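Examining the three-dimensional arrangement
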Amino acid sequence: MTRNVKRFLAASLLSLAPSIAFAGQVELGFPDFLSQRDEYVSVREGAVQLPTKRESQVASVGPALEDLFVLNQTGLPISLGIQVLTGTLNGVFNPYPVPTASYGGFEVSAPTPAPMVAQQYYWTVDPANPAAAKTCVWRVEVSDVGGSCQAQVFFGTYGGAACTVDAAQSFVDPVTCQTQVVTVIQ
């Protein structure tokens, strides 16, 4: 090959590097189960590490309750959609649908993380079309890391919703894996 062709190929490959890196991030990022792939939907993503809170004296990681709450600040009632459930749904808390300026949520009896259990769900103002309305999608992952539980919360937003985690009220017990996540949708 001539020197010019090599330079051209090198420049072409370098220009593809950011696209390839971006493609990898999408594949490994937050799973988008709401929008169809043939339409444009703006999705914002983020992640939060939950603070640990030691409540028990039992020294073994095991099955635990996960309480997943939401504070509705949208101005409209919100409804729940569950996409991934690991464990048993114990029930949805009242009031439901969750009125504005109120807390709602649900509880899951999760199995022992081996090495991880995940719950993926969303709260939306339009259960018939969540990808086109204010919607917060949450993925809670509880992991056993060397005999200690850790939890991360990933989120995606649709329809201009603002989605946050209330870190002051959220926690994971590093010994028992009991988890409480309090989220906010605006």
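Described in the following lines is the structure provided in the data block. (Residues numbered from 1 in each chain as written. Predicted model: local features only at pLDDT ≥ 70, side-chain atom pairs only at ≥ 80, totals over all residues. Heavy atoms only, no water.)

What to know about the overall build of the chain
In terms of helices and strands, the chain carries one helix and 11 strands. Put simply, the chain runs from its N terminus to its C terminus through helices and strands in the order α-β-β-β-β-β-β-β-β-β-β-β. When the 186 residues of the chain are sorted by exposure, 40% land in the buried category. By element, 57% of the accessible surface of the chain is carried by carbon and sulfur atoms, the whole surface being about 10000 Å². (Helix = DSSP H or I, 4+ residues; strand = E, 2+ residues; numbered from the N terminus. Buried < 20%, exposed > 50% of the residue type's maximum accessible area, 1.4 Å probe, protein only. Areas by Shrake-Rupley, 256 points an atom, 1.4 Å probe, with all protein chains shown as cover.)

Structural notes on unusual backbone geometry
A cis amide bond, omega -10 degrees, links Tyr96 with the succeeding residue Pro97. On the secondary structure map, Pro97 appears in the loop between β4 (88-92) and β5 (102-110). Cis geometry marks the peptide bond from Ala114 to Pro115; its omega dihedral reads 0 degrees. Mapped onto the fold, Pro115 is located in the loop between β5 and β6 (116-124). Residues other than glycine seldom take positive phi values, yet Cys177 does so here, at roughly 75 degrees. Relative to the elements of secondary structure, Cys177 occurs in the loop between β10 (171-172) and β11 (179-185). Taking the relative accessible area as the measure of exposure, Cys177 reaches 2% and is therefore buried.

Things to note about a nonpolar patch on the surface
Together, Ile82, Leu85, Leu89, Val92 and Tyr96 make up an exposed nonpolar region whose accessible area comes to about 370 Å². For Leu89, the position within the fold is in strand β4. (Patch = residues over 30% accessible without salt bridge, like charges linked within 9 Å, V, L, I, M, F, W, Y side chains within 5 Å. Salt bridge = Lys/Arg side-chain N within 4 Å of Asp/Glu carboxyl O.)

Some thoughts on the environment of Val117
With respect to the element layout, Val117 can be found in strand β6. Of the residues examined, Val117 reaches a relative accessible area of 3% and is grouped as buried. Placed 54 residues apart in sequence, Val117 and Pro63 show a C-alpha to C-alpha distance of 10.0 Å. Aside from chain neighbours lying at most four places away, what touches Val117 is Glu66, Thr86, Ala110, Pro111, Thr112, Val140, Glu141 and Val142. (Contact = heavy atoms within 4.5 Å.)

Observations regarding the state of the cysteines
In total, this model carries two disulfides according to the counting rule given. Note that Cys136 is cross-linked by a disulfide to Cys163, the S-S spacing being 1.9 Å. Residues Cys136 and Cys163 are joined through a disulfide that is left-handed, its torsion about the S-S bond being -95 degrees. With a gap of 27 residues between them, Cys136 in strand β7 (residues 135-145) and Cys163 in strand β9 (residues 163-165) connect regions that are remote in the sequence. Of the two residues, Cys136 and Cys163, both sit in the buried class. For Cys149, the disulfide goes to Cys177, at an S-S distance of 1.6 Å. Note that Cys149 is positioned in strand β8 (residues 148-158) and Cys177 in the loop between β10 and β11, a separation of 28 residues in sequence. Cys177 shares its class with Cys149; the two are buried. (Disulfide = S-S within 2.5 Å.)

Quick look at the packing of aromatic side chains
This model, assessed by the stated rule, comprises four aromatic pairs. For the ring pair Phe69 and Phe93, a centre distance of 5.3 Å and an interplane angle of 20 degrees mean the geometry is stacked. Taken together, the positions of Phe69 in strand β2 (residues 64-72) and Phe93 in the loop between β4 and β5 put the pair 24 residues apart, joining distant regions of the chain. A relative accessible area of 28% means that Phe93 is categorised as partly exposed. (Phe/Tyr/Trp six-rings, centres within 6.5 Å; stacked < 30°, edge-to-face > 60°.)

The analysis is restricted to geometry; functional conclusions fall outside its scope.
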